[in-house]
Amino acid sequence: MLKTRTWILLLAVLFFSALVCLPGSVWRRGTDTAPAALGDADPGREADPGGEAAGGVSSAAPLYANLYMDGICMWSGSLSRLDTAQRFIAETRYGNNLVELEPGRIRIADADCPDRLCVSQGWISRIDDLPIVCLPHGLVIEIAEEAEAAEEAEAADEPETPS
Amino acid sequence: MKTVRLTRDALLTALALILFTIEARIPVPVPIPGVKLGLANIVTVWAVFLLGAKDALLILLARILLGSLFAASPAVLLYSLSGGLLCFLLMLVLRRVVTADQIWVCGVLGGAAHNIGQIFAAVLVTETPALLSFLPVLTVSGMAAGLFTGLCAQFLIRRGIWR
């Protein structure tokens, strides 16, 4: 039997160690979902989302978005080399997600899953951003420095998207 | 005697399902899958302490099975099942360790265990190790939500309603 004080101490240690491990992107979330213009207007904040940052990032490290369905990378696309917005539909075994890309960032714009949490997770643009997940569809979009799938897949998708 | 037990367990399952459904209507401030209040956990904690392992497990399983049919897609069943079972096992252990004034500890650790179990199930099912980056976020949110539900359960147990 531990004393209540011991329990509180124990739990507080656990809680704060988890808090310390939080990726920095968690605190930025919410501001990231705001329109990119907001980031440009505020010089104090790192102006990452939006086209301006994409240019800067591409010279340093190219960023890729990898889309996984049930653990298999089905699609990869370069975010930093992208110059126009594009969207395509990712068809999973369980349902469809509308993926939208803009220079330097990616999001799920629409989905037919029950909770649509993947849509409300908004844009992601950096390596340390939490990946976008749609658990009901087993779909994960992650930002990485390397393309997991062959990039030809993107080129093949491109003609489809405008139609 | 048997009828009493059956009726009681059925009532508690219905109560847990109601809480579960109401909770699905409450918008979550952070759009991260798995962050939620877990109100139905109040019933689990209560049952573990006052009814014993067997009845609590029956109520938990019935709630998860029916809940994933009602509120979410069946694909989510596996995640809540593994989370719920891990939480349940931990509570069985804690039940022997904590005093009546420390039941909230069960809630806190149970909430964390629930979310950790859920992530590991998600990593195994979708085979996407990137999901592990959600571990700290979900541990923090599970502990915070667990503190609330654990305190609720403690008040209910100490008031001795329907012993």
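Focus on the confidence of the model for chain B
For chain B, per-residue confidence averages 88 on the pLDDT scale, and residues scoring 70 or more make up 94% of the total. Among the scores for the predicted complex, ipTM is 0.77 and pTM is 0.78.

Examining helix H6 (residues 135-159) of chain B
Here H6 of chain B is 25 residues long and its end C-alpha atoms lie 35 Å apart, about the 36 Å a rise of 1.5 Å per residue gives. In the stretch just after H6 of chain B, Gly160 of chain B is the one whose phi turns positive, near 70°.

Some thoughts on the nonpolar core
Across soluble globular proteins, nonpolar side chains have a tendency to be buried as a group. Among the nonpolar cores identified, the biggest contains 36 residues, and Leu11 of chain A together with Phe49 and Val105 of chain B are the most heavily contacted of them. Taken together, the elements giving at least two residues each to this core come down to helix H1 (4-21) of chain A together with helix H1 (2-25), helix H2 (40-50), helix H3 (53-70), helix H4 (77-95), helix H5 (103-126) and H6 of chain B. Leaving out residues up to four positions away in the same chain, Phe49 of chain B has contacts with Arg95, Val98, Ile103, Cys106 and Ile157 of chain B.

Looking at the environment of Arg107 of chain A
Residues and elements named next belong to chain A. With respect to the helices, strands and loops of the structure, Arg107 is situated in strand E5 (residues 105-111). Overall, the relative accessible area of 25% leaves Arg107 in the partly exposed class. Sequence-wise, Arg107 and Gln121 are 14 residues apart; in three dimensions their C-alpha atoms are separated by 7.8 Å. Excluding residues within four positions of it along the chain, Arg107 makes contact with Leu98, Val99, Glu100, Gly122, Trp123 and Ile132.

Digging into the confidence of the model for chain A
Close reading of the predicted structure is inappropriate where its pLDDT is low. All names here are of chain A. On average, residues of chain A score 74 in pLDDT, and 69% of them are at 70 or above. Predicted confidence is poor over residues 32-59, with pLDDT under 50, and the contacts of this stretch with residues over four places away or in other chains come to 34 contacts. Below a pLDDT of 50 lies the segment residues 152-163, which in the model reaches 13 contacts outside its immediate sequence neighbourhood of four places, other chains included.

Notes on the sheet that holds E5 of chain A
Sheet strands line up and pair through hydrogen bonds in the backbone, either parallel or antiparallel. Residues and elements named next belong to chain A. Pairing within the open sheet is antiparallel, and its three strands lie in the order E3-E4-E5. The outermost strands of the open sheet, each flanked by one partner alone, are strand E3 (86-91) and E5. Taken over all neighbouring pairs, the strand axes of this sheet differ in orientation by 30° on average, direction set aside. With six bridges connecting them, strand E4 (residues 96-102) and E5 associate as antiparallel partners. Across the sheet, the residue bridging to Asn97 is Ala111, located in E5.

Concerning the interface of chain B and chain A
Think of interface size as the accessible area that goes away when the parts come together; that is how it is often given. Chain B puts 32 residues into the contact, and the matching count from chain A is 30 residues. Buried area between chain B and chain A, both sides added, is near 2700 Å², and the carbon and sulfur share of it is 81%. Applying the counting rule to chain B against chain A returns zero salt bridges. The interface formed by chain B and chain A holds three residue pairs in polar contact (both at pLDDT 80 or more) in total. Contributing elements (two or more residues each) for the side of chain B that touches chain A: H4, H5 and H6 of chain B.

What counts and how
Residues take numbers from 1 onward in each chain, read along the sequence in its written order. Lettering of chains starts at A and numbering of ligands starts at 1, both following the order in which they are written. Side-chain atom pairs in this predicted model are given and counted only at pLDDT of 80 or more, local residue features only at pLDDT of at least 70, and totals for whole chains, interfaces and linings cover all residues. Only hydrogens and water are set aside; all other atoms, that is, all heavy atoms of the structure, feed into the side-chain values. For every residue, the pLDDT score states the predictor's confidence, bounded by 0 at the bottom and 100 at the top. For helices the rule is a DSSP run of H or I covering at least 4 residues; for strands it is a run of E covering at least 2, with both sets numbered from the N terminus onward. To estimate how far a helix should reach, multiply one less than its number of residues by 1.5 Å. To qualify as a nonpolar core, a set must consist of buried Ala, Val, Leu, Ile, Met, Phe, Trp, Tyr and Cys residues joined through side-chain atoms within 4.5 Å. Partly exposed describes any residue whose relative accessible area lies between the buried limit of under 20% and the exposed limit of over 50%, with all areas from a 1.4 Å probe on protein chains only and scaled to the type maximum. The contact criterion used is simple: two residues touch if any of their non-hydrogen atoms lie within 4.5 Å. At least two bridges found by DSSP between two strands are what make those strands a pair. Working convention: axes come from line fits to C-alpha atoms, limited for helices to the stretch in contact. Angles between N-to-C directions cover 0 to 180 degrees. Take the accessible area each of two parts loses on contact, using a 1.4 Å probe, and add the two losses: that sum is the buried area. One speaks of a salt bridge when a side-chain nitrogen belonging to Lys or Arg is within 4 Å of a carboxyl oxygen belonging to Asp or Glu. Polar contact is defined as a pair of N or O atoms within 3.5 Å, subject to the rule that within protein one atom must be able to donate a hydrogen and the other to accept it, and that residues adjacent in sequence are counted only when both atoms are side-chain atoms.

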